[in-house]
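Here is what each chain is made of, one letter per residue.
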Amino acid sequence: MTERVGVYVCHCGSNIAGVVDVVDVANWAAEKLGRRGVIIARDYKFMCSSLGQELIEKDIKELGLTRIVVAACSPHLHEKTFRIAAKNAGLNPYLVELASIREQVSWVHTDKAVATAKAKAVVSGAVSRVIENQALEEIKVPINPNTLIVGGGIAGIQAALEIANAGFHVYLVEREPSIGGHMSQFDKTFPTLDCSACILTPRMVEAGTHPNITLLTWSEVTKVTGYVGNFNVTIKKKARFVNEELCTGCGICQEKCPKKVIDEVYEAGLGYRKAVYTPFAQAVPNFPVMDKENCTYFIKGTCKACEKFCPTGAIDFKQEDQLINLDVGNVILATGYDLFDARRVRNDGYGRLPNVFTSLEFERLSNAAGPTNGNIVLRDGKSTPKSVGIIHCVGSRDRNFNNYCSVICCMQGLKFAHLVHERTGATVYNFYIDMRTAYKAYDEFYQRVLEEGTLFVRGKVAEVTDAARNEREKGKLIIQVEDTLASKQRRIPVDMVILSSGLQPRRDSKDVGKLFGISCSTDGWFTEKHPKLDPVATMTEGIFIAGCAQGPKDIPSSVAQGAAASARVLDKILQKEVALEPVRASVDKATCSGCRICNGLCPFNAISFIEDDQVTEINPALCQGCGTCVAACPAGAISGTGFSNEQIIAQIDGLLMKNLEMV
Amino acid sequence: MKPKFAMYWAASCGGCEIAVLNTHEKILDVDANFDVVFWPVAMDAKYKDVEAMEDGSILLTLFNGSIRNDENEHIAKLLRQKSKILVAFGSCACEGCIPGLANLSPVGDIVHTAFNTLTTDNPHQIYPRTSFDVPEGELHIPKLEKVLRPLDHVVDVDYYMPGCPPESHQIAAVIDLVIKVVKGEAELPPKGATIGVGNSTVCDECPRARNVKTIREFKRIQDIAPVDPNLCLLEQGIPCNGPATCSGCNARCPNAGAQCIGCYGPAQGVMDYGARLITAFSSVIDATEPQEIERILDGIPDPIGQVYRFNLAGSLLKANRNAFKS
């Protein structure tokens, strides 16, 4: 049967039409591709508009079209739109093909003649391919209603509570001993100056006690298989050396433990913890963990003070790492950020000059539950600074480190200025490149800090030094800066410097991305499906992202994303089943020789070998249509629906304008 | 009147002819059932005799060898015109075979190598010419074309019978089939079919045990001692082409302890044999570091000879760019 093909060329406003002569492409297709079955070719301003879609639907019904080619944007954007349009008109949606003449043509070319010629080739390829397309039916699979959330910071907690409150089960996995994330380390939150712990800990407790939430702290995901609705994850629950069934969280073990260790994580190196510890008083869960590296018993073989004093016998030195296997339907990654290591900016002197502090150190200093009970003091632990310099954009907006803006540092710097002013009465200088306070009530906070008398110097700090040039500078830290408003170099002596460090992707974000099959930007932030319209979904169905793992953001935005991701998950759960693209690989048993080359390749474990028949088989429920085995099969016995040899070769022939009268 | 039979050799080694003779007494069936009108290796005949025949008067022509020069092309077109059924017989006609590897070089380089290397005594630098004047008149020899082509790049082919050479038992089976067709006892396969082969790959006929493969090192078979006689050769690190090669030879080489080199050509459904094979080999390499992958692949000293030994001319690439340009 000869197929009846309709070609629709989209202007996309001026996005395509500005560079490609779309009318020429349509006329050319009607004239030159007629022998291949094109019976109608039209151009239209916006094919994706309802009028554009109606055009296609009408032609399918009135002209009896059996194949559709839409020359427009990338299939990522509107393939679904036009498939639905075809379906509405009674045509199998998989008989529609998108020719990307925007992303692959108009956006990457400036020469109109060349772009138009290339657009014709791309359309020609799509026409040849669509003729080889086959009608396919979607595959429906049930969705497991359980959800895995990775990361127990505020974004992960918010997402977990939303889903749990809706009545579905959540596994909340956290790498550290307690949930709470970075927010649990802060003292105050901008711009309202709420106590961070006061607003966070109720949420933590709620997550810890919720019947629909299983907390897995001190745990990490090690393996993920499966696909949307049916993921299987392996979680390594690290040995706590404390039996959670027996532990009451009374804290006697921590009190009796003789070994003090500098707390580099929670207290940012400013305080001590014991070898058996909970990171902070309100930790959830409040079972301690034993730090094997520092525990006297593990080092020397004696001590066991904790075991002796534990009233419930919960200490278990023989505990081992445990692997837990879970089935979940959806995953939210809320793995947060790492603080930029201020040591890398050598000119700012952190690590070399004692009274240069990082933002996290200052958070701990100013925190009433911190190592100084909230007293803002110098490194000696007693002197109160009389003047303080706060440096913005440390490691951000700097081509030596990170090009991006870390979003929160301006407001963080203003908050620090306010706290220093309030608690010490010191003179405060803020050194900034641009002041970015664009959010609800943020600029008002800036005005407030201005009115409090904080001094602002616009300019990027060149150096922090203790090399005094005169009496006034002696014993001080001198901040060398170009004041770009006053157009002059300034040297400002202060007692204390606080670096408002930027945010960075987690050290292992690329590995985590790989584990869950999602991609990262070049910086290392997880890539969302669409930067504007789909910020919490990823290109992998069933894997969602929230919070700073997606990019730097403040607490309200992290909470909003946590909630947004949970709404997307609930949407999937409530649909009960998911329609999977019917793009699947299958083995022709007659031509399979059982060479077993493909056997170890499937990332979804869909391939098995049948010993009796000496042939390989693919489980269509597990297959994701990635095509790895199709490419690897040396016998050509595996084929992938939607990407058959015939389709691919036809498309190449079409692109190369084979058998055309004119190029 | 018996139906007419012809067989011709173009650019080939003559092995295909030997394979036909190797069918022993089956060759008598050919004589009993066919009138052999043209078969240069077996009987005397002139091109002008063929030219004088009526179009379509030969029922079956087995054409072996590929198209290297204008004489090959002329006879291919002539026999196409005169034959009802034209079979590309043997690897050269099907896909270019060993002579096709010459497509890696411009034709000038090939001639230069043949006439001007250390092993050639050519003190007067005499090179072949397509025409030469002698007292009796002008002599012509065929002109080499810039690339070698399989038969179906020049004329329409009805059936393909691969193998270097085709196995005698497969030839016998095909002869039997054609005789049955002539007697009206059987039907011809669909046009364009590959005949005298199995429907899977060499692995299907290979008795060696196979497991999930992971390769940390490729080695030449002579560098492995001892070779496990019962285990898949590829699993032992020997680049065996069996997984991509059409079955039909009863896995002769692996049965004899040597790796398959792919003379039976691509399995059905495989478009480009070499590309398939290289993806298959790469898929089972057990390494993730680029340098380690390079090291393992370096274990295949001549990749083109390994994966395109029999089908470079018939592959998607066909020839080296410089050969095309020459």
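Numbers given for residues are sequential positions, taken from 1 along each chain in its written order. Whichever chain is written first becomes A and whichever ligand is written first becomes 1, with later ones labelled in order. Given that this is a predicted model, residues contribute local features only at a pLDDT of at least 70 and side-chain atom pairs are listed and counted only at 80 or more, while totals for whole chains, interfaces and linings are drawn from all residues.

1. Looking at the overall build of chain A
Step number 1: Put simply, DSSP H or I for four residues or longer makes a helix, DSSP E for two residues or longer makes a strand, and each gets a number counted from the N terminus. The number of helices and strands found in chain A is 17 helices and 34 strands.
Step number 2: If you line up chain A on its principal axes, its C-alpha atoms span 90 × 70 × 40 Å.
Step number 3: Looking at chain A as a whole, 49% of its 663 residues are labelled buried.
Step number 4: Within chain A, counting contacts between residues at least 6 apart in sequence, those at least 24 apart form 70% of the total. Once C-beta atoms are placed from the backbone, each residue is buried if 20 or more other C-beta atoms lie within 10 Å of its own, exposed if 12 or fewer, and partly exposed for counts between those two. What counts as a contact is two residues whose backbone-derived C-beta atoms lie within 7 Å of each other.

2. A closer look at the interface of chain B and chain A
In many reports, interface size means the accessible area that the parts give up when they come together.
Step number 1: Contacts between the two partners involve 23 residues from chain B, matched on the other side by 18 residues from chain A.
Step number 2: Among the elements of the structure, helix H8 (202-205) and helix H10 (273-283) of chain B are those that each provide at least two residues to the side of chain B that touches chain A.
Step number 3: Element by element, the count of residues in the side of chain B that touches chain A is highest for H10 of chain B, at 5 residues.
Step number 4: For this classification, Asp, Glu, Lys and Arg are treated as charged, while Ala, Val, Leu, Ile, Met, Phe, Trp, Tyr, Cys and Pro are nonpolar and the rest, including Gly, are polar. In terms of residue class, the side of chain B that touches chain A is built from 10 nonpolar, 9 polar and 4 charged.

3. Considering the domain arrangement of chain B
Residues and elements named next belong to chain B.
Step number 1: On domain assignment, one finds that chain B holds domain 1 (4-99 + 147-182), domain 2 (107-145) and domain 3 (202-321).
Step number 2: Residue ranges for the domains trace back to a domain assignment, done automatically or taken from a database. For domain 1 and domain 2, the distance between their C-alpha centroids amounts to 29 Å.
Step number 3: Listed as interface residues are 5 residues of domain 1 and, on the opposing side, 4 residues of domain 2.
Step number 4: Secondary-structure elements contributing two or more residues to the side of domain 1 that touches domain 2 are strand S4 (67-69) and helix H4 (70-82).
Step number 5: Here the residues of the side of domain 1 that touches domain 2 sort into 1 nonpolar, 1 polar and 3 charged.

4. Some thoughts on the domain arrangement of chain A
Residues and elements named next belong to chain A.
Step number 1: Looking at the assigned domains, one finds that chain A contains domain 1 (5-138 + 648-655), domain 2 (147-238 + 322-336 + 506-577), domain 3 (252-309), domain 4 (338-504) and domain 5 (584-640).
Step number 2: A separation of 33 Å is found between the C-alpha centroids of domain 3 and domain 4.
Step number 3: The class makeup of the residues in the side of domain 3 that touches domain 4 is 3 nonpolar, 1 polar and 1 charged.

5. Comments concerning the sheet that holds strand S27 (residues 496-501) of chain A
Within a beta sheet, neighbouring strands are joined by backbone hydrogen bonds and run either parallel or antiparallel to one another.
Residues and elements named next belong to chain A.
Step number 1: At least two DSSP bridges between two strands are needed for those strands to be called paired. If you walk across this open sheet you meet the 5 strands as S20-S27-S21-S22-S23, and the pairing is parallel. The strands lining the two open edges of the sheet, one partner per strand, are strand S20 (356-358) and strand S23 (455-458). The mean inter-strand angle of the sheet, taken between neighbouring strand axes irrespective of direction, is 20°.
Step number 2: Geometry is summarised by axes, namely lines fitted to C-alpha atoms with helices restricted to the contacting stretch, and by angles between N-to-C directions that run from 0 to 180 degrees. Against the sheet, helix H12 (residues 409-424) contacts strand S21 (387-394), strand S22 (427-432) and S27, and its axis sits at roughly 170° relative to S21.

6. Points about the nonpolar core
Step number 1: Note on terminology: a nonpolar core is a set of buried residues of type Ala, Val, Leu, Ile, Met, Phe, Trp, Tyr or Cys, with members joined through C-beta atoms within 7 Å. Counting 110 residues, the largest nonpolar core has Ala160, Leu172, Leu333 and Val497 of chain A as the members making the most contacts within it.
Step number 2: If near-sequence neighbours (up to four positions away) are discounted, Leu333 of chain A is found in contact with Val150, Gly151, Val512, Phe516, Phe526, Ile543, Ile545 and Ala549 of chain A.

7. Considerations on the sheet that holds strand S17 (residues 322-328) of chain A
All names here are of chain A.
Step number 1: Strand order in the open sheet made by the 3 strands is S11-S12-S17, with antiparallel pairing throughout. On the outer flanks of this sheet lie strand S11 (219-227) and S17, each paired with one strand and no other. This sheet shows a mean twist of 20° between the axes of neighbouring strands, independent of strand direction.
Step number 2: As paired elements, S11 and strand S12 (residues 230-237) share 8 bridges and run antiparallel to each other. The partner of Tyr227 across the bridge, within S12, is Asn230.

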